[in-house]
Amino acid sequence: MTGLKEYLFERMKKGTIHLTLLDPDPEKLSEEKAKEIAVKMKEAGSDAFMIGGSTGVTSENLGAAAKAVRTASGLPAIYFPSNPRAVTSEVDGMFFMSILNSTDPLYISHGHAMVAPYVAKLGIETIPMAYIIIEPGMTVARVTKAKCVGHDDIDAAVGYALAAEMLGMQLVYLEAGSGADRPVSPEMISAVKKAIHVPLIIGGGIRTPEAAERARKAGADAIVTGTFVEQCSDENVLRSVVHAAKGI
Ligand code: 1GP
């Protein structure tokens, strides 16, 4: 079976991919709803699911959501971690991510030391990823006490991304925060893309085909949408955003 990294990287070599983010908190997402979204998003052309949220994630709800979307769609489920106490073997792998601009060591490396023995024991594939929070940053910035990179502070974003690559990270994620009123700017995406050699993931506040297209054209290798997918039930609209993200 193809590993998660191979699956994602092979697809990103061919073009921008789309990732669907689902929050496994059962108060926000029932198992039935997770299955329904999984089928719809596969049909819309999404490439994989990320499961995670800033609050309310447990090993149980994470495992249940991952199992539901994998079974319903046949696509990979990636753990997008926030809580070192939650881990499951129901995923195809996890983004082993350090929030480079957090000011809380828990999110930079201390939480990682707590969870790593369990990840090793369960044999979960890990992809090292740098996570850089850009204004407005939303809940994730608040929870992780991030010193957000300014929306227009391209030099700071490039600095973090270069540092990520020098630290050996295999992915860089620029995050404007779930539900952000403005996504990461095309200018920032394109400057960071030029500076690094590893794939670039963009998320936060993308909910229109135009925004997805701007991120893709600026150089995003993967585009994440979460809130929009949870709120939109029109399959044509879902497809239009996924297609704009992928350029198909
Ligand atoms: C959050 O980047 C993701 O981690 C997705 O953001 O919910 O705004 O799509 P949205």
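This text goes with the structure placed above it.
To keep things clear, this report deals only with the structure shown in the data block. (Residues numbered from 1 in each chain as written. Predicted model: local features only at pLDDT ≥ 70, side-chain atom pairs only at ≥ 80, totals over all residues. Heavy atoms only, no water.)

### Regarding the layout of surface pockets
Consideration 1: For the largest pocket, the calculated volume is near 760 Å³.
Consideration 2: Forming the walls of the largest pocket are 46 residues, and the residues nearest its centre are G52, G53, S54, F80 and V140.
Consideration 3: The set of elements that each furnish at least two residues to the lining of the largest pocket consists of β1 (17–22), β4 (93–99), α4 (105–122), α5 (138–143), β6 (171–175), β8 (222–225) and α9 (227–231).
Consideration 4: Here the lining of the largest pocket gets 5 residues from one element, more than from any other, and that element is α4.
Consideration 5: Tallied by class, residues from the lining of the largest pocket come to 22 nonpolar, 19 polar and 5 charged. (1 Å grid on protein atoms, 1.4 Å probe; cavity = no way out; pocket = protein on both sides within 12 Å on 5 of 7 lines; lining within 4 Å. Points joined across faces, edges and corners; volume = space filled by probe spheres on them. Helix = DSSP H or I, 4+ residues; strand = E, 2+ residues; numbered from the N terminus. Nonpolar A, V, L, I, M, F, W, Y, C, P; charged D, E, K, R; others polar.)

### Digging into the pairing of β1
Consideration 1: Summarising burial for β1: 6 of the 6 residues are buried, a large majority.
Consideration 2: What you see with β1 is no split at all: I17, L19 and L21 on one side and H18, T20 and L22 on the other are buried throughout.
Consideration 3: As paired elements, β1 and strand β2 (residues 48–51) share 4 bridges and run parallel to each other. Its bridge partner being in β2, T20 is matched across the sheet by F49. (Buried < 20%, exposed > 50% of the residue type's maximum accessible area, 1.4 Å probe, protein only. Pairing = 2+ DSSP bridges.)

### Comments concerning the pattern of salt bridges
Consideration 1: Summed over the entire model, instances satisfying the criterion amount to 9 salt bridges.
Consideration 2: For R70, the salt bridge identified is with D92, shortest N-O distance 2.8 Å. With R70 in helix α3 (residues 59–73) and D92 in the loop between β3 (77–79) and β4, this pair connects stretches of sequence that are 22 residues apart.
Consideration 3: A relative accessible area of 28% means that R70 is categorised as partly exposed. (Salt bridge = Lys/Arg side-chain N within 4 Å of Asp/Glu carboxyl O.)

### What about the packing of aromatic side chains?
Consideration 1: Counting across every chain of the model gives 3 aromatic pairs.
Consideration 2: A ring pair is formed by F80 and Y131, whose centres lie 5.7 Å apart and whose planes are at 70 degrees; its orientation type is edge-to-face. Taken together, the positions of F80 in the loop between β3 and β4 and Y131 in strand β5 (residues 126–133) put the pair 51 residues apart, joining distant regions of the chain. Neither F80 nor Y131 differs from the other in exposure class; each is buried. (Phe/Tyr/Trp six-rings, centres within 6.5 Å; stacked < 30°, edge-to-face > 60°.)

### Side note on the site of the ligand
Consideration 1: As a matter of local geometry, the ligand sits amid 14 residues, with E175, S178, G179, G205 and T227 nearest to it.
Consideration 2: At a separation of 2.4 Å, an oxygen atom of the ligand approaches a polar side-chain atom of E175.
Consideration 3: With respect to the ligand, the backbone of G205 contributes an N or O atom lying 2.8 Å from an oxygen atom.
Consideration 4: About the coverage of the ligand: the protein hides 97% of its 310 Å² of free accessible area.
Consideration 5: Among the cavities detected, the one that contains the ligand is the largest pocket. (Near = heavy atom within 4 Å. Polar contact = N/O pair within 3.5 Å; in protein donor to acceptor, adjacent residues only side chain to side chain. Areas by Shrake-Rupley, 256 points an atom, 1.4 Å probe, with all protein chains shown as cover. Sits in = over half its atoms within 2 Å of the grid points.)

### Here we look at the sheet that holds β2
Consideration 1: Read around the closed barrel, the 8 strands follow the order β1-β2-β3-β4-β5-β6-β7-β8; overall the barrel is parallel. Pairs of neighbouring strands in the sheet enclose a mean axial angle of 30 degrees, with direction left out of account.
Consideration 2: Against the sheet, helix α10 (residues 235–246) engages β1 and β8, with an angle of about 135 degrees to β1. (Axes fitted to C-alpha atoms, helices over the stretch in contact; angles between N-to-C directions. Contact = heavy atoms within 4.5 Å.)

### Structural notes on the side chain of E175
Consideration 1: Inspection of the secondary structure assignment puts E175 in strand β6.
Consideration 2: Look at E175: it is buried, it has no salt bridge, and the nearest opposite charge is R207 at 10 Å.
Consideration 3: Within the structure, the side chain of E175 is placed 3.4 Å from the side chain of Y173, a separation counted as a polar contact.
Consideration 4: Apart from residues no more than four positions distant in its own chain, E175 is found in contact with F80, Y131, I132, I133, I134, V140, V184, G203 and G204. (Lys, Arg positive; Asp, Glu negative; His and termini not counted.)

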